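Chain residues, written in single-letter form:
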Amino acid sequence: MADTLWIGTRKGLFALRRSGGRWRLTGPQMLGHIIHHVVQDPRDPRRLVMAAKTGHLGPTVYTSGDRGKTWVEARKPPAFPKAAEPLPDGRKAKAVDVVFHVTPGHQTEPGVWYAGTAPAGLFRSEDHGVSWSPVSGFNDHPDNPKWAAGFASPAGELLHSILVDPRDAKHLYISISVGGSFESTDGGRDWAPINNRVMVQFGPESYPEYGQDPHCMTLHPKFPDRLYQQNHCGIYRLDRPGRDWVRIGDNMPKKIGDIGFPIVLHPDNPDVAWVFPMDGTTVWPRTSVDGKPAVYKTANAGKSWQRQDAGFPGSQAWWTVLRQAMCRDEGKGPGLYLGTTAGEIWGSASGGARWKCLARHLPQVYSLTFARQMP
Amino acid sequence: MTRCRIRVASPLRSYTRNAAEVTGRGSTLREVLENLDVDFPGIRFRMIDEQDRVRPHIRLFVGVDEALNIDATVSDGATVHLICALSGG
């Protein structure tokens, strides 16, 4: 099986497969399904997990044990517990509307996966994604009604990032848009906000304990004390055990700003990261800034940023890149890839120095993930 | 056991092996849907959420009467329509 880029779109699943230095588009699979995320299991690369729904039907999860050739629906998809009685204040009991994000568990826990949903919920599978249970330590936390208060982004109240510390299976981070970021050190039994110095420009309080709008949070796989987030209100870095995020987006060019969805880290160097800024001014067009797409790279942990737009259209290209639609491979470049809201896939073999369109005319791209070649 | 005909909308037919109509069992929609899920695992959750609410783009009819919840009565020989409302884009 060649290196593969799995492309989750609004209308189905596609794949780009690399052979002899060329990419070949295959698919669609699941035509008409909304594919929010597809992820390979690094512990068993034959396996993949996919989050999906359709326009009419409720959310579900599919799994593959044969490198994505065939897919089987989860026997028990993520779902909140049935409420025993009506909730106070006329609130409606939560029901999963979207399974948005899936991520494999720790290396020492084969078969474990986590899923994040809208409305914000955290779920865990211990059988490769076949059956899912709520992580009640978060979903039923006494403060959960405040942390996940229903302030939905246009795509819903998304639990979109789940990070597992590679040193410790019990050390977890999650992020909610809108809600903020949270940490657990006991395998998900208890949680606490970790949002110090992350700004809220859309609420009454500039630096609340929670209620921020992280768009995407990630930690470095080899230096897991280094975290980054692309937020609704800036780009941030956090160095643990510290608790104060630093707004490294302040070092972006002012005419570009530091608003966007995705952030991608270098596989080896924790000081290197890439973002795709979008227009977050006035009514939030959520397009490339000025119709000129560009990736911005930092090589010094956010002290400065370098524009990378060679190969992209120079004008009148009004697409953007959603939070799960930018990724990298594990090569020396590394290879960087992004999928656009206009249905294109772009790749750079040179760490963003030059970009090339790998596929076009696809539906809107919701997610793009790299799956490594298998012997 | 009360039996009914179930008309299945096309988005759900991947569960019914492409059958547009299947036989149902139960005297309420709740029973009919639970039995349908036994016959075609997973189909219920795509229509009914975990709080037993009908999903936003699904409509259920018993005969020509829309059922607003799953406690509606289903009489012997009735036709249950599982309808995916026009939506999307």
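Rules and cut-offs
Residues numbered from 1 in each chain as written. Chains lettered and ligands numbered in written order. Predicted model: local features only at pLDDT ≥ 70, side-chain atom pairs only at ≥ 80, totals over all residues. Helix = DSSP H or I, 4+ residues; strand = E, 2+ residues; numbered from the N terminus. Rg over C-alpha atoms; globule rule 2.2 N^0.38 Å. Buried ≥ 20, exposed ≤ 12 C-beta atoms within 10 Å, placed from the backbone. Contact = placed C-beta atoms within 7 Å. Nonpolar A, V, L, I, M, F, W, Y, C, P; charged D, E, K, R; others polar. Pairing = 2+ DSSP bridges. Core = buried A, V, L, I, M, F, W, Y, C linked by C-beta atoms within 7 Å. Axes fitted to C-alpha atoms, helices over the stretch in contact; angles between N-to-C directions. pLDDT = per-residue confidence, 0-100.

From N to C terminus, chain A includes 2 helices and 28 strands. Against the 2.2 N^0.38 benchmark of 21 Å for 375 residues, chain A shows a C-alpha radius of gyration of 19 Å, consistent with a compact globule. Dimensions of chain A, computed from C-alpha atoms along their principal axes, come out at roughly 55 × 45 × 40 Å. By residue count, 52% of the 375 residues in chain A fall in the buried class. In chain A, the share of contacts with a sequence separation of at least 24, taken over all contacts with a separation of at least 6, comes to 48%.

All right, on to the overall build of chain B then. Each helix and strand counted, chain B has 2 helices and 5 strands in total. Each helix and strand of chain B, ordered N terminal to C terminal, gives the series β-β-α-α-β-β-β. Its C-alpha atoms give chain B principal-axis dimensions of about 40 × 25 × 25 Å. Pairs at least 24 apart in sequence give 51% of the contacts found in chain B among residues at least 6 apart.

This brings us to the interface of chain B and chain A. Chain B puts 16 residues into the contact, and the matching count from chain A is 15 residues. The greatest single-element share of the side of chain B that touches chain A, amounting to 3 residues, is contributed by helix H2 (residues 43-47) of chain B. Broken down by class, the residue content of the side of chain B that touches chain A amounts to 6 nonpolar, 5 polar and 5 charged.

What follows deals with the sheet that holds strand S15 (residues 192-193) of chain A. All names here are of chain A. The strand order across the open sheet formed by 4 strands is S12-S13-S14-S15, and the pairing between neighbours is antiparallel. Every other strand in the sheet has two partners, leaving strand S12 (158-164) and S15 as the edge strands with one partner each. Both strand S13 (residues 172-177) and strand S14 (residues 180-184) contribute to a ladder of 5 bridges, which runs antiparallel. Looking across to S14, one finds that Ile174 is bridged to Phe182.

Residue and element names in this part refer to chain A. Along the chain, Phe182 turns up in strand S14. We classify Phe182 as buried; it has 24 C-beta atoms within 10 Å. Note: C-alpha distance between Phe182 and Arg328 (146 residues apart in sequence) is 25 Å.

Ile7, Met50, Ile345 and Leu368 of chain A are the most contacted members of the largest nonpolar core, which has 105 residues in total. Once residues within four sequence positions are removed from consideration, Ile345 of chain A is found in contact with Leu5, Ile7, Leu16, Tyr337, Gly339, Leu358, Ala359, Val365 and Leu368 of chain A.

Residues and elements named next belong to chain A. Taking strand neighbours across the sheet as the criterion, the 4 strands line up as S3-S2-S1-S28 in an open arrangement whose pairing is antiparallel. Looking along the sheet, the strands with just one partner apiece sit at the ends: strand S3 (22-29) and strand S28 (365-371). Direction aside, neighbouring strands of the sheet carry axes that sit 20 degrees apart on average. Judged from the 6 bridges that link them, strand S1 (residues 4-9) and S28 form a sheet pairing that is antiparallel.

We now examine the pairing of strand S5 (residues 79-84) of chain B. Residues and elements named next belong to chain B. Only one face of S5 is buried: it carries Val80, Leu82 and Cys84, and the other face, with Thr79, His81 and Ile83, is open. Bridge count for strand S1 (residues 3-8) against S5 is 4 bridges, and the pairing is parallel. Opposite Arg5, over in S5, you have Thr79 as the bridge partner. Bridge count for strand S3 (residues 58-62) against S5 is 5 bridges, and the pairing is antiparallel. Looking at S5, one finds that Val62 is bridged to Val80.

What follows concerns unusual backbone geometry. All names here are of chain A. The omega angle of the peptide bond from Gly27 to Pro28 is 5 degrees, so this bond is cis rather than trans. Residue placement: Pro28 occurs in strand S3. Cis rather than trans, the peptide bond between Arg240 and Pro241 has omega equal to 10 degrees. Position of Pro241 among the secondary structure elements: in the loop between strand S18 (234-239) and strand S19 (246-247). A positive phi is found at Thr282, a non-glycine position, where the angle reads about 40 degrees.

Before going further, it helps to examine the confidence of the model for chain B. Taken as a whole, chain B shows an average pLDDT of 94; of its residues, 97% reach a score of 70 or greater. Here the predicted complex carries an ipTM of 0.91, next to a pTM of 0.96.

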